[in-house]
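Read off the chains here:
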Amino acid sequence: MNYTADSVWTECLSFIKDNIKPQAYKTWFEPIKPVKLSGEALTIQVPSKFFYEWLEEHYIKLLRVALVRQLGNDAKLIYDVKMENSYSSNRPQIVKIPSSNRDPLKPQNVTVSLESDKRELRNPFIIPGLQKVKIESQLNPNYNFANFVEGDSNRLARSAGMAVSNKPGGTSFNPLLIYGGVGLGKTHLVHAIGVQIKDKYPDKTVLYISSEKFSQQYIDSVRSNTRNDFIHFYQMIDVLIIDDVQFFSGKAGTQDVFFHIFNHLHQNGKQVILSSDKAPVDMQDIEQRLLSRFKWGLSAELQAPDYETRVSILQNKLFRDGVEMPEDIVAYIAKNIKSNVRELEGVIISMIAQASFNKKEFSIELAKQIVDKFVKNTKKEVSVDFIQKEVSKYFDMDVATLQSKTRKRHVVQARQLAMYFAKRLTKASLASIGSQIGHRDHATVLHACKTVDNLTETDKQFKKYVDDLMKKLSF
Ligand code: ADP
Ligand code: MG
């Protein structure tokens, strides 16, 4: 007879089924999947660590009898435990755990088999491999200190980052909050800190995660009733890096859970590193108690790089790409792209691509064309007026209607959309947006922005309005 994991397990199940209550069978045995049979060792996959513990505690005798009936006295059981709390990666981590395989008749002689080696465990409750679950750091090794060009604009943040990586959790920079505008190197710098820590302290558990992903995991954990696992997972981390915490704004549940995780880590001397697009004082819809935690450590700003730094960043990039470019062209680019390092890099990448596709030399003309494109795309700031006109046109109404005091739903929505886009696409303050769109106050604009955010999430049709308008407005 040819035994397979499936056939052995099917036989075990029918025996088990006869010996326990249907409900218990359904709960504890139906979810198990047989994975592998090698010799007398059957590997089964269980959905969680808790599940495994429960089986070991309540059903080990039954399992043992069932297995011995199929595989003889040397039967072994190995669990593949899906670590559902391995929030660091999308695929579940599998931890192999041999059953303690306690034989009630010979309790002093406990042998368990590990897949690779056989060894005696004195205490069957010590679960090998479980204490130190390896967590993938999710760090990008290309974002390191070596290629993070130093300049006046980033000196404080960079040296604070260095200090933290030399002594994670051991400086007063805890949390370290790096803030600054888009494309100024926040993500790069927080990775660099993590990479350096991993380098210096390979045993420390470092985890990089975006705030959106953190928030999503949290929501999922609530949905699947594993909120505690979620919290425990994060409490195990030595260095927690959360990118773009401004996205916590308005998310009360995420803020609450982060508050608890933060307190735990901080109390235990663990390092927390955060990035945000604004300083704590300017963050909206973040709970006060959380903001006050953010301020406990150091908030360091990444500013737009000055001319010299921009030149160095360009040269550094060119050097790494093994490309030579005349100095005057580098200078031209550095002079014209001022506010965003990502764009500086973008120009270089386009230059290289254009030059090689068209077999052209680098020239000032080419640089000009490309820079123009970048500058046009980003500098073309739309006005509040333009937004009102476009939104009105989209909804087939005139601007006066959009601005009027009417409470008709479709007009209110159009008005709120105009306010929302004005906030997103212009630099106008809430108050100024309000006064330009029908003399409303700043609270009305703020409310409009929130309403649009909410509706976008819950209402498909509304989301389409937002997407359509975004295309029209940002051409
Ligand atoms: P942010 O997260 O602030 O939006 P990123 O960290 O994604 O910005 O940076 C945008 C790009 O600019 C990345 O490719 C990054 O490597 C690069 N960059 C930013 N600052 C520097 C710097 N000081 N030196 C070298 N490259 C930088
Ligand atoms: Mg970023």
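Here goes a summary of the coordinates provided. Along each chain, residues carry numbers from 1 onward, in the same order as the chain's sequence is written. Here chains are named by letter from A upward and ligands by number from 1 upward, in the order in which they appear as written. Residue-level local features of this predicted model are given only where pLDDT is at least 70; pairs of side-chain atoms are given and counted only at 80 or more, and the full residue set underlies all totals for whole chains, interfaces and linings. Each side-chain value is derived from all of the structure's non-hydrogen atoms; neither hydrogens nor water enter the calculation.

## Some details on the overall build of the protein chain
Worth spelling out the cut-off: Think of it this way: any DSSP run of H or I at least four residues long counts as a helix, any run of E at least two long counts as a strand, and we number them from the N terminus. In this analysis, two residues are considered to be in contact whenever any of their non-hydrogen atoms come within 4.5 Å of each other. All accessible areas in this document rest on Shrake-Rupley with a 1.4 Å probe, and a residue is counted as covered only by the protein chains that are shown.
Scanning the protein chain from terminus to terminus reveals 20 helices and 11 strands. Taking the intrachain contacts of the protein chain between residues at least 6 apart in sequence as the baseline, contacts between residues at least 24 apart amount to 70%. Here the protein chain has roughly 25,000 Å² of accessible surface; of this, 51% comes from carbon and sulfur atoms.

## Some thoughts on the packing of helix 12 (residues 327-336) against helix 13 (residues 341-357)
Convention followed: Helix axes are fitted only over the stretch in contact, all axes being lines through C-alpha atoms; the angle between N-to-C directions runs from 0 to 180 degrees. Each angle gets one of four labels, with under 35 degrees taken as roughly parallel, over 145 as roughly antiparallel, 65 to 115 as roughly perpendicular, and the rest as oblique. Definitions for this section: a left-handed crossing has its near helix turned counterclockwise from the far helix by less than a right angle. A right-handed crossing has that turn clockwise. Amino acids outside the nonpolar list (Ala, Val, Leu, Ile, Met, Phe, Trp, Tyr, Cys, Pro) and the charged list (Asp, Glu, Lys, Arg) are all regarded as polar, and Gly is one of them.
Closest axis-to-axis distance for the helix 12/helix 13 pair is 10 Å, and the angle between their directions is 140°. Accordingly, the angle class assigned to the pair helix 12 and helix 13 is oblique. Classified by chirality, the crossing of helix 13 by helix 12 is right-handed. Along the contact surface, helix 12 presents Ile329, Ile333 and Ala334, while helix 13 presents Leu344, Val347, Ile348 and Met351. The residue makeup of the contact of helix 12 with helix 13, split by class, is 7 nonpolar, no polar and no charged.

## Digging into the nonpolar core
Our working definition: Throughout, nonpolar core names a set of buried Ala, Val, Leu, Ile, Met, Phe, Trp, Tyr and Cys residues whose side chains join them through atoms within 4.5 Å. Each residue is assigned to one of three classes by its accessible area relative to the maximum for its type, calculated with a 1.4 Å probe on protein chains only: buried under 20%, partly exposed between the two thresholds, exposed over 50%.
Core analysis: the largest hydrophobic core is formed by 30 residues, its most contacted members being Trp9, Ile16, Phe29, Val46, Leu55 and Tyr79. Contributions of two or more residues to this core are made by helix 1 (5-19), helix 2 (22-28), strand 2 (41-46), helix 3 (49-58), helix 4 (60-71) and strand 3 (76-83). Among the elements that line this core, the one with the most residues is helix 1, at 7 residues. Not counting residues within four places of it along the chain, the set of residues in contact with Ile16 comprises Tyr25, Phe29, Leu62, Leu63 and Ala66. Ranked by size, the runner-up nonpolar core spans 28 residues in total, among them Ile135, Leu207, Ile261 and Leu274.

## A few points about the packing of aromatic side chains
For clarity, the cut-off: Side-chain rings of Phe, Tyr and Trp, where Trp is taken by its six-membered ring, are said to pair if the distance between their centres is within 6.5 Å; with planes under 30 degrees apart they count as stacked, over 60 as edge-to-face, and otherwise as tilted.
According to the stated counting rule, one finds 18 aromatic pairs in the structure shown. Ring plane angle 45° and centroid distance 5.7 Å describe the contact between Phe214 and Phe248, whose orientation is recorded as tilted. Of this pair, Phe214 sits in helix 7 (residues 211-223) while Phe248 sits in the loop between strand 9 (239-243) and helix 9 (252-267), placing them 34 residues apart in sequence. Judged by relative accessible area, Phe214 falls into the buried class, the value being 0%. An angle of 55° between the planes, with centres 5.6 Å apart, marks the rings of Phe248 and Phe258 as tilted. One end of the pair, Phe248, is in the loop between strand 9 and helix 9; the other, Phe258, is in helix 9, and 10 residues separate them in sequence. Accessibility classification places Phe248 together with Phe258 in one group, the buried group. By way of ring pairs, the aromatic residues Phe214, Tyr218, Phe230, Phe233, Tyr234, Phe248, Phe258, Phe262, Phe294 and Trp296 are connected into one cluster.

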